[in-house]
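# Structure at a glance
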Amino acid sequence: MTSTEQGRRKYDELADKYEEIFPYVVDVGRLLVEHAAPAAGARVLDVGAGRGAVARAALAHGCDVTAVDASAGMVARLAMDFPDAVARQMDAGALDFPDGSFDLVAAGFVVQVLPDPDVALAEFRRVLAPGGKLALSLEKQTVGRLRWLFELAGEFFGAPVPGDDEESTGAMTGRQLDALIERAGFTDLATDTVEMPVPLADPAALWDWLTPRGLTDAVRALPAEQAEQFHVRFLAGAEHMQANGGISLDFRATLHVARRP
Ligand SMILES: C[S@@+](CC[C@H](N)C(=O)[O-])C[C@H]1O[C@@H](n2cnc3c(N)ncnc32)[C@H](O)[C@@H]1O
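Everything quoted here is computed from the prediction, not taken from an experiment. (Residues numbered from 1 in each chain as written. Predicted model: local features only at pLDDT ≥ 70, side-chain atom pairs only at ≥ 80, totals over all residues. Heavy atoms only, no water.)

Attention now moves to the pattern of salt bridges. Counting across every chain of the model gives 17 salt bridges. The salt bridge involving R183 is made with D118; its shortest N-O contact spans 3.0 Å. Taken together, the residues R183 in helix α8 (residues 174-183) and D118 in helix α6 (residues 117-127) connect sequence positions 65 residues apart. Accessibility expressed as a relative area gives 55% for R183, which makes it exposed. Its relative accessible area of 36% is what places D118 among the partly exposed residues. (Salt bridge = Lys/Arg side-chain N within 4 Å of Asp/Glu carboxyl O. Helix = DSSP H or I, 4+ residues; strand = E, 2+ residues; numbered from the N terminus. Buried < 20%, exposed > 50% of the residue type's maximum accessible area, 1.4 Å probe, protein only.)

As a further point, take the environment of D103. Following the sequence through the fold, D103 ends up in strand β4 (residues 102-108). Sequence separation between D103 and E5 is 98 residues, and the spatial gap between their C-alpha atoms is 30 Å. Those residues in contact with D103 that sit more than four places away from it in its chain are A42, R43, L128, A129, G132 and K133. Only 2.7 Å separates the side chain of D103 from the backbone nitrogen of R43, close enough to count as a polar contact. (Contact = heavy atoms within 4.5 Å. Polar contact = N/O pair within 3.5 Å; in protein donor to acceptor, adjacent residues only side chain to side chain.)

Our next topic: the sheet that holds strand β1 (residues 43-47). In a beta sheet, neighbouring strands pair by backbone hydrogen bonds and run either parallel or antiparallel. Read across the sheet, 7 strands follow the order β3-β2-β1-β4-β5-β9-β6 without closing on themselves; strand pairing throughout is mixed. At either margin of the open sheet sits one strand with a lone partner, and together these are β3 (86-89) and β6 (187-195). Going from strand to strand, the sheet's axes swing by 15 degrees on average, the running direction of each strand aside. Where helix α5 (residues 72-81) meets the sheet, its contacts fall on β2 (64-69) and β3, and the angle it forms with β3 comes to roughly 170 degrees. (Pairing = 2+ DSSP bridges. Axes fitted to C-alpha atoms, helices over the stretch in contact; angles between N-to-C directions.)

Structure representation (structure tokens):
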């Protein structure tokens, strides 16, 4: 299976519970659209739309919305939940639209999961009309109270444990995303940070939270005995966190809005 197919399958599995596990995406989608401020009637493309956090907000602004996603499961939900939008299965790196088709291209929490973000950014630019806007969001989770988990992952997978002051523990930092946007030829870049503390109900909810971040796949790839050991130690760490003030993550998102010249 290729990594793209694995990614698609992961999001297919998540489709029916995605916004229940990650409720903050709805607020970030709304804020992203507010920052981009499309006019009513603007043609908006939501790439990697998931369950429609951005599409929902753009529809509320009276926009003409097209939502695309690589996952068939997500597209089926988009078509069912947003009959006023066009929903299509499509790869962010090969958009099946003519040049200059949209006034706003938005992608919430997507660019960092793509195998080749430069190719996708070039596509976003191509399908935007001159003067159109790009709006991207990125998660920015610091180590904080999850230090024990990074240390556990370091022990099992040899992954480096990030410092407390590192900008991001994710696959891409805000500065890297800004550089990518500028390299793709966008101008008037403005970046903002929003705070989104995430309270999680129990250790199982923390496990679900980590699923799209690659941890579950990495654990599945371990020999059975080690996978079991990891899971036992994970639950002990999460239960300890719950007993000491609850499982609450210091989560932030960055919003990046730029213009196609
Ligand atoms: C983290 S989710 C974000 C969903 C949504 N934008 C939000 O803000 O809630 C990433 C989404 O990107 C989609 N995706 C991943 N790779 C993709 C690709 N190459 N092309 C299009 N969509 C992709 C996934 O299926 C998933 O729905």
